[in-house]
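Read off the chains here:
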Amino acid sequence: MKKWNFRNVKVKKVSIDDLDDRLLLLNLGITQFLTVLIGIILLVVQEQNLRGLFPIKLPDMVLWGGGLALLVMAADFLVARVADEEVSDDGGINEMLFGKRKIWEIAGISLVVALCEEILFRGGIQFWLGPYWTSILFAAIHVRYLRHWLMTGLVFSISYGLGWVYLHTGTLWTPVIAHFLVDFVMGCLIRYRSNKLDDEEEEEA
């Protein structure tokens, strides 16, 4: 029987320059699938009902979700105004993900990410750890923002806010709405800036 020589197995570090659009979307799809799968497994172990996490509570879920989203976007805008550009630099991932998308594609990506991550973090992990330690974990997995304390603190605060509005309103739709709105608006802004830069380059050419 042939034996594997694991010493010959090499892991290659992949940079943003090595990613094409297809590989980026594939990576996103696999990541979100694993995220929601782990979330659902946690819910089963905890004997929680997935449907029970999503009661419709109007207007609270819209008001609190939309309000938190506005607060997050205001904080992000403030950081962008007062801090160096390198502070919020994510290595170009968001630019590559959203820069050339159509609006409906940005909406679809934002909705999938919001649902998958909130099912795992607010639905599953927060049930065991509470909002504080869940937010520590949430900030830790966003490794591209760990290079600066300001962005780490912002991601932690956003996660804690998502956990708080979930507890306050009693429906997972609230953090999903907030998460979706933040990602969607930011994605649209990235797309707008990318298109504007392309137009300026064409005019100079």
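About the criteria used
- Residues numbered from 1 in each chain as written.
- Predicted model: local features only at pLDDT ≥ 70, side-chain atom pairs only at ≥ 80, totals over all residues.
- Heavy atoms only, no water.
- Helix = DSSP H or I, 4+ residues; strand = E, 2+ residues; numbered from the N terminus.
- Expected span 1.5 Å × (residues − 1).
- Buried < 20%, exposed > 50% of the residue type's maximum accessible area, 1.4 Å probe, protein only.
- Phe/Tyr/Trp six-rings, centres within 6.5 Å; stacked < 30°, edge-to-face > 60°.
- Lys NZ or Arg CZ within 6 Å of the ring centre and 35° of its normal.
- Axes fitted to C-alpha atoms, helices over the stretch in contact; angles between N-to-C directions.
- Parallel < 35°, antiparallel > 145°, perpendicular 65-115°, else oblique.
- Left-handed = near helix turned anticlockwise from the far one by under 90°.
- Contact = heavy atoms within 4.5 Å.
- Nonpolar A, V, L, I, M, F, W, Y, C, P; charged D, E, K, R; others polar.
- Polar contact = N/O pair within 3.5 Å; in protein donor to acceptor, adjacent residues only side chain to side chain.
- Core = buried A, V, L, I, M, F, W, Y, C linked by side-chain atoms within 4.5 Å.
- Salt bridge = Lys/Arg side-chain N within 4 Å of Asp/Glu carboxyl O.

**Thoughts on helix α2 (residues 60-82)**
Logical step 1: Look at α2: 33 Å from first C-alpha to last across 23 residues, which is about the 33 Å you get at 1.5 Å a residue.
Logical step 2: When we look at burial in α2, the residues that qualify are Met61, Gly65, Gly66, Leu68, Ala69, Val72, Met73 and Val79.

**Concerning the packing of aromatic side chains**
Logical step 1: Inspection of the entire model under this criterion finds seven aromatic pairs.
Logical step 2: Geometrically, the ring pair formed by Phe54 and Trp173 is edge-to-face, given 4.9 Å between the ring centres and 65 degrees between the ring planes. Of the two residues, Phe54 is situated in the loop between α1 (21-45) and α2 and Trp173 in helix α6 (residues 173-204); the sequence distance between them amounts to 119 residues.
Logical step 3: Taking relative accessible area as the criterion, Phe54 reaches 15% and is therefore assigned buried.
Logical step 4: With a centroid separation of 5.6 Å and an interplanar angle of 75 degrees, the aromatic rings of Tyr132 and Phe156 are classed as edge-to-face. Note that Tyr132 is positioned in helix α4 (residues 103-141) and Phe156 in helix α5 (residues 149-169), a separation of 24 residues in sequence.
Logical step 5: Residue Tyr132 is classed as partly exposed on the basis of its relative accessible area of 43%.
Logical step 6: An aromatic cluster is present here, built from Tyr132, Trp133, Phe156 and Tyr160 joined pairwise through their rings.
Logical step 7: The cationic tip of Arg122 hangs over the ring face of Phe138; the distance from NZ or CZ to the ring centre is 5.0 Å.

**Some remarks on the packing of α4 against α5**
Logical step 1: The contact between α4 and α5 brings their axes to 9 Å, and the two run at 140 degrees. As summarised for this structure, α4 and α5 are arranged oblique, according to the angle between their axes. Considering the relative orientation of α4 and α5, their crossing is left-handed. Listed contacts from α5 to Glu118, Arg122, Gln126, Pro131, Tyr132, Thr134, Ser135, Ile136, Phe138 and Ala139 of α4 are Thr152, Val155, Phe156, Ser159, Tyr160, Leu162, Gly163, Tyr166 and Leu167.
Logical step 2: Its residues placed into classes, the contact of α4 with α5 shows eleven nonpolar, six polar and two charged.

**Looking at the side chain of Ser159**
Logical step 1: Within the secondary structure, Ser159 sits in helix α5.
Logical step 2: In terms of polar contacts, Ser159 uses its side chain to reach the side chain of Arg122, at 2.8 Å.
Logical step 3: Beyond its immediate chain neighbours, meaning those up to four positions away, Ser159 contacts Arg122, Thr134, Ser135 and Phe138.

**Let's talk about the packing of α1 against α4**
Logical step 1: Where α1 contacts α4, the two axes come as close as 8 Å, and the packing angle between them is 30 degrees. The angle between the axes of α1 and α4 places the two elements in the roughly parallel class. The interaxial crossing formed by α1 with α4 has left-handed handedness. Taking contact as the criterion, the partners of Leu25, Leu28, Gln32, Thr35, Val36, Ile38, Gly39, Leu42, Leu43 and Val45 in α1 are, on α4, Ile109, Val112, Val113, Cys116, Glu117, Ile119, Leu120, Gly123, Gly124, Ile125 and Trp128.
Logical step 2: Residues of the contact of α1 with α4, tallied by class, amount to 15 nonpolar, five polar and one charged.

**Focus on the nonpolar core**
Logical step 1: In terms of nonpolar packing, the biggest core is built from ten residues, these being Val36, Leu43, Leu53, Phe54, Ala114, Cys116, Ile119, Tyr166, Leu172 and Val176.
Logical step 2: Every element with two or more residues in this core is listed here: α1 and α4.
Logical step 3: Here this core takes three residues from α4, the largest share from any one element.
Logical step 4: Contacts of Val176, omitting those with residues within four sequence positions, involve Phe54, Ala114, Leu115 and Glu118.

**Details of the pattern of salt bridges**
Logical step 1: If you walk through the whole model with that rule in mind, you get two salt bridges.
Logical step 2: In this structure, Arg101 engages Asp21 in a salt bridge whose closest nitrogen and oxygen atoms are separated by 2.3 Å. A residue pair is termed long-range when its members are at least 10 positions apart, and Arg101 in the loop between α3 (93-98) and α4 and Asp21 in helix α1 qualify at 80 residues.
Logical step 3: In this structure Arg101 comes out as buried when scored by relative accessible area, which is 9%.

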